[in-house]
Amino acid sequence: MTPHFLPALVNPPFGDPGLYVDFLFARRAVLFDLGDLAPLPTRKLLRVSDICISHTHIDHFIGFDLMLRIMLGRDKEVRLYGPPGILRQVEHRLASYSWNLIQSYPTEFVLIVTELHPDGSAQRASFSSRRIFERENQQELMLPEGVVLDEGNLHIRATFLEHSIPCLAYAFEEKLHVNFMKNRLAELGLPVGPWLSEVKRAVLRGEPDDTLVYPAAAGEERPASGWTIAELKEKVLQVVPGEKIAYVTDTAFTNENRRRIVELARDADYLFIEAVFLHIDSERARDRAHLTARQAGELAREAGVARVFPFHFSPRHLGAEAELRREVNQAFAVSPLRVEESM
């Protein structure tokens, strides 16, 4: 099936963590972590609608300033999710600049920040350039099952991991994947047009199978006879479970973390997971609350993911990238082609 999303690491595996998920059929992207963002061109950063922060160690949050600078002067709203303390940290970061000129800008940039807590509660507030980024509209909410975004055909879920401080892992999931088989459309003499998008939306809304739709090309009158959604599913529609992308970084290899990671990443199409140390350094990994390459591969296998993308390699292993990947692969116990170098 044609993919709807294209995930790619922002930096090489020895660089700052970050994952950019591009929407292929919409002018939109989701960003996981704000490490060094220099490799992302401005046009890509401007597509970002949502930012998911794992924690605020400097290599995961230093890119906040570049993101802010690019968004300023544009009519733009961005949602940001993060661990306990993120509201205060964003507020202080914004307050560290002088904004005496910003009220002359004709545009408004709004940052909506959601701070997650392990008990499922959350706080949300907004910061607007029109009001010199003062904290406003604060509200208390609950996020059942860690779902931070539930929008149309996709949701993003977070789970808390232990990394000496709370750290969030995320799963980005398309609920259903709906595709038209263009060759079948042509065989049946059905035109391409806006009705295709209408049918997709109807399927994703869960409309009854006996719902009638009327295939017409753009600008054409509605035909006299229609097709039921059931007929279209039988002849030209493919409806399957959607794509799933999991992002896991900076976590200790404890029983509870392991359980949470496997549950979050279960059956993911793509698992992006840190593999900081070679397994010979497992004591160092434990002391620093990170995963070894072997542990990353074991988690990928246990979660039943389709592909694993290791990253966040320690600079201590510069020159040993192939060995790190080999350890992940051996633990994953599949063809090396399934352990990906980059995307």
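The text that follows walks through the structure, step by step, so that each part is easy to find. (Residues numbered from 1 in each chain as written. Predicted model: local features only at pLDDT ≥ 70, side-chain atom pairs only at ≥ 80, totals over all residues. Heavy atoms only, no water.)

### Overview of the overall build of the protein
Across its full length, the protein carries 11 helices and 18 strands. The C-alpha radius of gyration of the protein comes to 22 Å, within 12% of the 20 Å expected for a compact globule of 343 residues. With the C-alpha coordinates of the protein rotated into their principal frame, the extents come out at 70 × 60 × 35 Å. Taken over 343 residues, the protein has a buried fraction of 53%. Sequence separation of at least 24 residues holds for 62% of the intrachain contacts in the protein that already meet a minimum separation of 6. (Helix = DSSP H or I, 4+ residues; strand = E, 2+ residues; numbered from the N terminus. Rg over C-alpha atoms; globule rule 2.2 N^0.38 Å. Buried < 20%, exposed > 50% of the residue type's maximum accessible area, 1.4 Å probe, protein only. Contact = heavy atoms within 4.5 Å.)

### Concerning the pattern of salt bridges
Inspection of the entire model under this criterion finds 19 salt bridges. Of the charged contacts in the structure, one is a salt bridge between Asp50 and Arg79, with a shortest N-O distance of 2.7 Å. Within this pair, whereas Asp50 is found in strand β4 (residues 48-52), its partner Arg79 is found in strand β5 (residues 76-82), the two being separated by 29 residues in sequence. A relative accessible area of 0% places Asp50 in the buried class. On the basis of relative accessible area, Arg79 is assigned to the partly exposed category, the value being 23%. As a salt-bridge pair, Glu151 and Arg79 come within 3.0 Å of each other at their nearest N and O atoms. With Glu151 in strand β9 (residues 147-151) and Arg79 in strand β5, the pair connects residues that are 72 residues apart, well separated along the chain. (Salt bridge = Lys/Arg side-chain N within 4 Å of Asp/Glu carboxyl O.)

### Thoughts on the sheet that holds strand β11 (residues 166-174)
Reading across from one edge, β9-β10-β11-β16-β17-β18 is the order of the six strands in this open sheet, with mixed pairing throughout. A strand with exactly one partner marks an edge of an open sheet, and here the two such strands are β9 and β18 (308-311). Direction aside, neighbouring strands of the sheet carry axes that sit 15° apart on average. With four bridges joining them, strand β16 (residues 244-248) and strand β17 (residues 270-274) adopt parallel strand pairing. The residue bridging Ile245 from the neighbouring strand is Tyr270, located in β17. (Pairing = 2+ DSSP bridges. Axes fitted to C-alpha atoms, helices over the stretch in contact; angles between N-to-C directions.)

### So, the environment of Gly35
Relative to the assigned elements, Gly35 resides in the loop between β3 (29-32) and α1 (42-45). With 268 residues separating them along the chain, Gly35 and Ala303 place their C-alpha atoms 26 Å apart.

### Regarding the nonpolar core
In terms of nonpolar packing, the biggest core is built from 32 residues, with Leu31 and Phe64 touching the most fellow members. Per-element accounting of this core gives the leading share, five residues, to helix α3 (residues 64-71). Non-local contacts of Phe64, meaning those with residues more than four positions away in its chain, are made with Leu34, Leu80, Val90, Arg93, Leu94 and Leu111. One finds Leu9, Phe32, Leu141 and Phe272 within the second-largest nonpolar core, a separate group that totals 28 residues. (Core = buried A, V, L, I, M, F, W, Y, C linked by side-chain atoms within 4.5 Å.)

### Description of the packing of aromatic side chains
Scanning the model with the defined rule gives 14 aromatic pairs in all. Taken together, a centroid distance of 5.7 Å and an interplanar angle of 35° make the contact between Phe32 and Tyr247 tilted. Pair noted here: Phe32 is in strand β3 and Tyr247 is in strand β16, with a separation of 215 residues, a long-range link. In this structure Phe32 comes out as buried when scored by relative accessible area, which is 1%. By relative accessible area, Tyr247 is classed as buried at 1%. Aromatic rings pair up to connect Phe32, Tyr170, Tyr247 and Phe311 into one cluster. It is Arg307 that lies over the ring of Tyr270; its NZ or CZ is 4.9 Å from the centre. (Phe/Tyr/Trp six-rings, centres within 6.5 Å; stacked < 30°, edge-to-face > 60°. Lys NZ or Arg CZ within 6 Å of the ring centre and 35° of its normal.)

### Here's the deal with helix α11 (residues 321-332)
With 12 residues, α11 should reach 16 Å at 1.5 Å per residue; the first-to-last C-alpha distance of 17 Å fits that figure. Among the residues of α11, Leu324, Arg325, Glu327, Val328, Asn329, Ala331 and Phe332 are the ones counted as buried. The secondary structure elements touched by the buried residues of α11 are α10 (293-303) and β18. Where α11 ends, the next residue or the one after it, Ala333, has phi of about 60°, a positive value. (Expected span 1.5 Å × (residues − 1).)

### Brief notes about the pairing of strand β8 (residues 135-142)
Pairing analysis gives six bridges linking strand β7 (residues 121-128) to β8, with the strands arranged antiparallel. Counterpart to Arg124 in the pairing with β8 is Gln139. Where β7 folds back on β8, the antiparallel hairpin that results is connected by six residues, among which Ile132 adopts a positive phi of roughly 50°.

Note that every value here comes from positions in space, so none of it alone points to a role or purpose.
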